[in-house]
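# Breakdown of the fold
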Amino acid sequence: MAFWSSTSVFTSKVPRKILFMFTLSLSVTYLFYSLMSCYNSLQFPLQENYVFQGRLVTEDTTFVTLREKLYSASPGFTEFTQAERTTAAPTVGERDEAEQRTVEWIRTQASPTKSAAVFRPTAPEREHQEISTTDSELRVNCTSDYGEKKLPQAIIIGVKKGGTRALLEALRVHPDVRAVGNEPHFFDRNYEKGLDWYRDLMPSTLEGQITMEKTPSYFVTNHAPKRIHSMAKDIKLIIVVRNPVTRAISDYTQTLSKKPEIPTFEVLTFKNRTLGLIDASWSALRIGIYALHLESWMQYFPLSQMHFVSGERLIVDPAGEMAKVQDFLGLKRIVTDKHFYFNKTKGFPCLKKPEDSSTPRCLGKSKGRTHPKIDPDVIRRLHKFYKPFNLMFYQMTGQNFEWELEEDSVSRSSQD
């Protein structure tokens, strides 16, 4: 009772206005200390993540940093091999059924389902994931599980022993290119497995990156142009070509390393050497008739969607050829001469090793084999055989690869 009576006396003597101000100040003070106690939880989450290596960066440069990490984490210049598999050739009915399933699949994919929209993050969410990645997590998030798997927008379709592996590995240096290492052989051997199987083989990509693959046998596969066109009419195709005579010898050398018992190159080249009849049915020679194979592709794709890389210039001027390829793919010229060095032992350029790697990034032992010595007369006859096809190929592509200069060189050396 004494307490309540004293309180009543106090409140009656203190003006109500002063009492109100005093109570308000206590409330503000309490609120201020409450805010200070949970200050860390009220900080904007992006503020810390914009600080990278002791400097404040913008959203755009953070994404660039992520791509630079993709560069440094890109696979080395490692040789990937895939064992040749012999599978039963599908019947005509099976091929037609597979192609029909492909068309239906594409139509289905053109209309995204509601479930797909649920699991795919929206643009703002993806943007937040990219820019909020800390430095210690960059290498973890730049794995095949980060991003989205897509069907390729560009394919290296040929040719075998032309330099496709070297081109692919150089392209994989680019932070905006993601490519599968092994050759999928989807459009020639595994088409019946469907596009879902094919897409699952592809690496995950971020927005703005290009998905690629290479399978050199596509260029000489009859059904490949139609099948690729059914998947993507606007796809970009890259063909690495090389002097067909040199290419044939390289092809033979590779087979010889696996099967030492095969006949000599000279024996396989001719149906009848006395009559000078070239055996164009031998695959090592038939692949080099580029005009014949290109004709099939031009029935489905315009030349504007094809880019031809010189296998010879890819060796003597890799940066120059890479500049053209990057322009064709709509990429910034990031892969330049600073990325290459010439390996005298192998006889072709290799990629310089990244700073965080202790191993050189050069092609494997299966590349750069020493070619067997071939009779100069056989080489001269092959040049003569290929010459009309080469000229036709030059006319079709609008490019002169100057393979006849090598023919002149062989002729002069044989006369000395």
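For every chain, the first residue of the written sequence is number 1, and numbering continues from 1 onward in sequence order. Two thresholds apply to this predicted model, a pLDDT of at least 70 for residue-level local features and 80 or more for giving and counting side-chain atom pairs, whereas whole-chain, interface and lining totals are computed over all residues. Hydrogens and water are ignored here; the side-chain numbers use all heavy atoms of the structure.

### What to know about the sheet that holds strand 11 (residues 306–310)
Pairing within the open sheet is parallel, and its 5 strands lie in the order 5-7-4-8-11. Both outer strands of the open sheet, strand 5 (177–179) and strand 11, are each paired with one neighbouring strand and no more. Across the sheet, the mean angle separating the axes of adjacent strands is 25° when strand polarity is ignored. Across 3 bridges, strand 5 lies against strand 7 (residues 210–214) in parallel orientation. Across the sheet, the residue bridging to Val-177 is Ile-210, located in strand 7. Each of strand 4 (154–158), strand 5, strand 7, strand 8 (236–241) and strand 11 touches helix 10 (residues 164–171); the most contacted strand, strand 4, lies at about 160° to it. We call two residues in contact whenever any of their non-hydrogen atoms come within 4.5 Å of each other. Axes here mean lines fitted to C-alpha atoms, for a helix over just the part in contact, with angles spanning 0 to 180 degrees between N-to-C directions. Runs of H or I in DSSP of at least four residues are treated as helices and runs of E of at least two as strands, each being numbered from the N terminus. Packed on one face of the sheet, helix 16 (residues 290–298) meets strand 4, strand 8 and strand 11 and runs near 160° to strand 11. Strand pairing follows a simple DSSP-based rule, namely that at least 2 bridges must link the two strands.

### Considering a nonpolar patch on the surface
Like-charged residues are merged into a patch within 9 Å and nonpolar side chains (Val, Leu, Ile, Met, Phe, Trp, Tyr) within 5 Å, provided each residue has over 30% relative accessible area and no salt bridge. For the area figures, the Shrake-Rupley method with a 1.4 Å probe applies, and any residue is considered shielded solely by the protein chains shown. For this document, the term salt bridge refers to a Lys or Arg side-chain nitrogen within 4 Å of an Asp or Glu carboxyl oxygen. On the surface, Phe-20, Met-21, Leu-24 and Val-28 cluster together into a nonpolar patch covering about 410 Å² of accessible area. Relative to the helices and strands, Leu-24 resides in helix 2 (residues 16–37). The partly exposed category is assigned to Leu-24, whose relative accessible area is 42%. The buried label applies to any residue whose accessible area, calculated with a 1.4 Å probe on protein chains only, is under 20% of its type's maximum; exposed applies above 50%, and partly exposed to all values in between.

### Description of the nonpolar core
In these notes, a set of buried Ala, Val, Leu, Ile, Met, Phe, Trp, Tyr and Cys residues joined through side-chain atoms within 4.5 Å is what counts as a nonpolar core. Counting 34 residues, the largest nonpolar core has Phe-187, Ile-228, Trp-297 and Phe-393 as its most contacted members. When residues of this core are traced back to their parent elements, those giving at least two are strand 4, helix 11 (195–201), helix 12 (224–231), strand 8, helix 16, strand 11 and helix 19 (376–397). Considering each element in turn, this core owes the most residues, 4 residues, to helix 16. When near neighbours in sequence (up to four residues on either side) are disregarded, Phe-393 contacts Val-241, Tyr-290, Ala-291, Leu-294, Phe-308, Phe-401 and Trp-403.

### Re the confidence of the model for the protein
Do not read the predicted coordinates in detail wherever pLDDT is low. Confidence of the prediction at every residue is given by pLDDT, a number between 0 and 100. Residues at a pLDDT of 70 or more form 61% of the protein, whose mean pLDDT is 75. Taken together, the stretch residues 38–89 has pLDDT below 50 and engages in 77 contacts with residues farther than four places along the chain or on a different chain. Note on residues 410–416: pLDDT under 50 across the span, and 5 contacts to partners over four residues away in sequence or across chains.

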